[in-house]
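Here are the chains, one letter per residue:
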Amino acid sequence: MPVLSRYPSGETQRYSEAALNLAEAAESLPVEAGSHRRGRVAAGVRPGLFETCANANCRSGWLHLWRSRSAPVFEGGWSCSAACTAARIDVALRREMDARGSAPEIHRHRIPLGLTMMEQGWITSAQLRRALEAQKAAGCGRLGQWLVRQSAVSEQQVTRALGLQWRSPVLGLEFHDPEGLTALLPRLFVDAFGALPLRVAVGKILYLGFEDRLDPVLALAVERMMRLRVESGLVRESIFRPAHTRMLSAKFPPVELIEAISEPALVQALTKRLEKCRPVESRLIRVHDCLWLRIWLRPQRGPLPDAGSIQDLICSVCAR
Ligand SMILES: [Zn+2]
């Protein structure tokens, strides 16, 4: 199920971008010959006015020197006009869409949980059969939960078995500070993909917790977006659930949901947004069936951005 459709908009807006056009974006950007528009771009990070436009096919030549622009910056490069911003977003969108089905998404066979626990000698075949029958009769609940309920194993053993199954560590939740971690990924991803940012270690490693299955696609997306190494692991259900609920009730940076009717419409919508807010950096990364555009309005100082200086757009393109 598409992520956006399973997440009814509350504080966020959802709209179609069919009517947007670049002329509108360009109009919001008056050219003031001889003056240097600085906007919210902080000194020291502003791309030089005489730097080359990052659009490989830019046709403005020296013309851009007369354009009073220093932003927006998209994926580390400045673009001289709305048309060049659109061209760069278009290239990034194609890159992200073309990468679908690549490495982390390829299904890898895993030994079923019950067999993993039998292999470890933690349960007998009779205990496994009884749990499977109870699960089938009830029509709900995970196998691990039934095994715990029937006192065949402890909750810790289930988490350890999940760790063996996923070849991942079991992570703890000491000193968890949800409020301090909300700038790492949008609430929608925490909610829809069951991810829980646990902590950032030595300013370089983000520990990302999951309850019963890892999400390598999300982990890679966060790694690329945040430029942090992401270590995924499993967290025991009884401590994961309350922490996840607490995290969801924390205050996250603003997010806007966009459903575009086509890829060109999405390029236009994102261009309009970047031209309007003139970020000092922005990046576009696909996460499962949606695209995540993150905007930095101010330079990031340290491993975590200031939650007040970033905005997220989560976008999907309607299937025809
Ligand atoms: Zn250009």
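Residues numbered from 1 in each chain as written. Predicted model: local features only at pLDDT ≥ 70, side-chain atom pairs only at ≥ 80, totals over all residues. Heavy atoms only, no water.

Helix and strand counts for the chain stand at 10 helices and 10 strands. Taking all 320 residues of the chain together, 48% fall into the buried category. Put simply, 66% of the contacts in the chain that link residues at least 6 apart link residues at least 24 apart. (Helix = DSSP H or I, 4+ residues; strand = E, 2+ residues; numbered from the N terminus. Buried < 20%, exposed > 50% of the residue type's maximum accessible area, 1.4 Å probe, protein only. Contact = heavy atoms within 4.5 Å.)

The next thing to look at is a nonpolar patch on the surface. Together, Ile111, Leu115 and Met118 give the surface a local cluster of nonpolar side chains, amounting to about 240 Å² of exposed area. Mapped onto the elements, Met118 comes out in helix α3 (residues 113-119). (Patch = residues over 30% accessible without salt bridge, like charges linked within 9 Å, V, L, I, M, F, W, Y side chains within 5 Å. Areas by Shrake-Rupley, 256 points an atom, 1.4 Å probe, with all protein chains shown as cover. Salt bridge = Lys/Arg side-chain N within 4 Å of Asp/Glu carboxyl O.)

Moving on, we get to the pattern of salt bridges. Applying the stated criterion across every chain yields a total of 15 salt bridges. Here Arg229 makes a salt bridge to Glu231, at a shortest N to O gap of 2.8 Å. Across the salt bridge formed by Arg298 and Asp306, the nearest N and O atoms sit 2.9 Å from each other. Through salt bridges with shared partners, one network takes in Arg142, Glu211, Asp212, Glu237 and Arg241.

Glancing now at the nonpolar core. Counting 59 residues, the largest nonpolar core has Met117, Leu147, Leu185, Phe189, Leu218, Val222 and Val287 as the members making the most contacts within it. It is helix α8 (residues 216-226) that provides the largest number of residues to this core, a total of 6 residues. Within the second largest apolar cluster, 22 residues are counted, among which are Ala265, Leu266, Leu270 and Leu274. (Core = buried A, V, L, I, M, F, W, Y, C linked by side-chain atoms within 4.5 Å.)

In the first shell of the zinc ion, the protein supplies Cys53 (SG), Cys58 (SG), Cys80 (SG) and Cys84 (SG), at 2.2 to 2.3 Å from the metal. The site at the zinc ion holds 4 donor atoms, and with the angles between them running 102 to 116°, its shape is tetrahedral. Sequence spacing of the donor residues for the zinc ion, all on one chain, is C-x4-C-x21-C-x3-C. In this pair, Cys53 sits in the loop between α1 (22-27) and β2 (73-74) while Cys84 sits in helix α2 (residues 82-98), placing the two residues 31 residues apart along the sequence. Here Cys53 and Cys84 have matching classes, each one buried. (Donors = N, O, S within 2.8 Å, 3.2 Å for Na, K, Ca; no water. Tetrahedral: all angles 85-135°; square planar, octahedral: opposite > 155°, others 65-115°.)

All right, on to the sheet that holds strand β5 (residues 205-210) then. Pairing within the open sheet is mixed, and its 3 strands lie in the order β4-β5-β6. Of all the strands in the sheet, just β4 (195-201) and β6 (229-234) have a single pairing partner and so form its edges. Here the average twist between neighbouring strands, direction ignored, is 25°. The sheet contact formed by β4 and β5 spans 6 bridges and is antiparallel. What sits directly across from Arg199, in β5, is Tyr207. Each of β4, β5 and β6 is contacted by α8, which is oriented at about 150° to β6, the strand it contacts most. (Pairing = 2+ DSSP bridges. Axes fitted to C-alpha atoms, helices over the stretch in contact; angles between N-to-C directions.)

Let's shift gears to unusual backbone geometry. Leave glycine aside and you will find that most residues have negative phi; peptide bonds, for their part, are mostly trans. Even without being a glycine, Glu75 presents a positive backbone phi close to 50°. The backbone phi angle of Arg227 is positive, close to 55°, even though this residue is not glycine. Examined against the element boundaries, Arg227 turns out to sit in the loop between α8 and β6. We classify Arg227 as exposed; its relative accessible area is 57%.

The interhelical angle for the contact between α2 and helix α10 (residues 263-277), taken along N-to-C directions, is 130°, at an axis separation of 9 Å. When the axes of α2 and α10 are compared, the pair comes out oblique. When you trace α2 past α10, the crossing you get is right-handed. Packed against α2, whose contacting residues are Ala82, Thr85, Ala86, Ile89, Asp90, Leu93 and Met97, the element α10 presents Glu263, Leu266, Val267, Leu270, Thr271, Leu274 and Glu275 at the interface. Across the contact of α2 with α10, the residue classes tally to 9 nonpolar, 2 polar and 3 charged. (Parallel < 35°, antiparallel > 145°, perpendicular 65-115°, else oblique. Left-handed = near helix turned anticlockwise from the far one by under 90°. Nonpolar A, V, L, I, M, F, W, Y, C, P; charged D, E, K, R; others polar.)

With that out of the way, let us pick up the pairing of β5. Here β5 lies mainly inside the structure; 5 of its 6 residues are buried. The antiparallel hairpin formed by β4 and β5 contains 3 residues in its connecting segment, where Val202 sits at a positive phi of about 40°. Judged from the 6 bridges that link them, β5 and β6 form a sheet pairing that is parallel. Looking at the pairing, Ile205 lines up with Arg229 of β6. In this fold, β5 hands off to α8, which returns the chain to β6; that crossover is right-handed. (Right-handed = clockwise from strand over helix to strand, strands pointing away.)

Attention now moves to α10. The α-helix advances 3.6 residues per turn, and as a result positions three or four apart in sequence lie on the same side. Taking 1.5 Å of rise per residue, the 15 residues of α10 would be expected to cover 21 Å, and the 21 Å separating its terminal C-alpha atoms lies within 8% of that figure. Within α10, the full set of buried residues consists of Ala265, Leu266, Val267, Ala269, Leu270, Thr271, Leu274, Glu275 and Cys277. Between the side-chain oxygen at the start of α10 and the backbone nitrogen of Ala265 there is a gap of 3.2 Å, and the oxygen is on Ser262. Arg278, located one to two residues past α10, shows a positive phi value of around 45°. (Expected span 1.5 Å × (residues − 1). Polar contact = N/O pair within 3.5 Å; in protein donor to acceptor, adjacent residues only side chain to side chain.)

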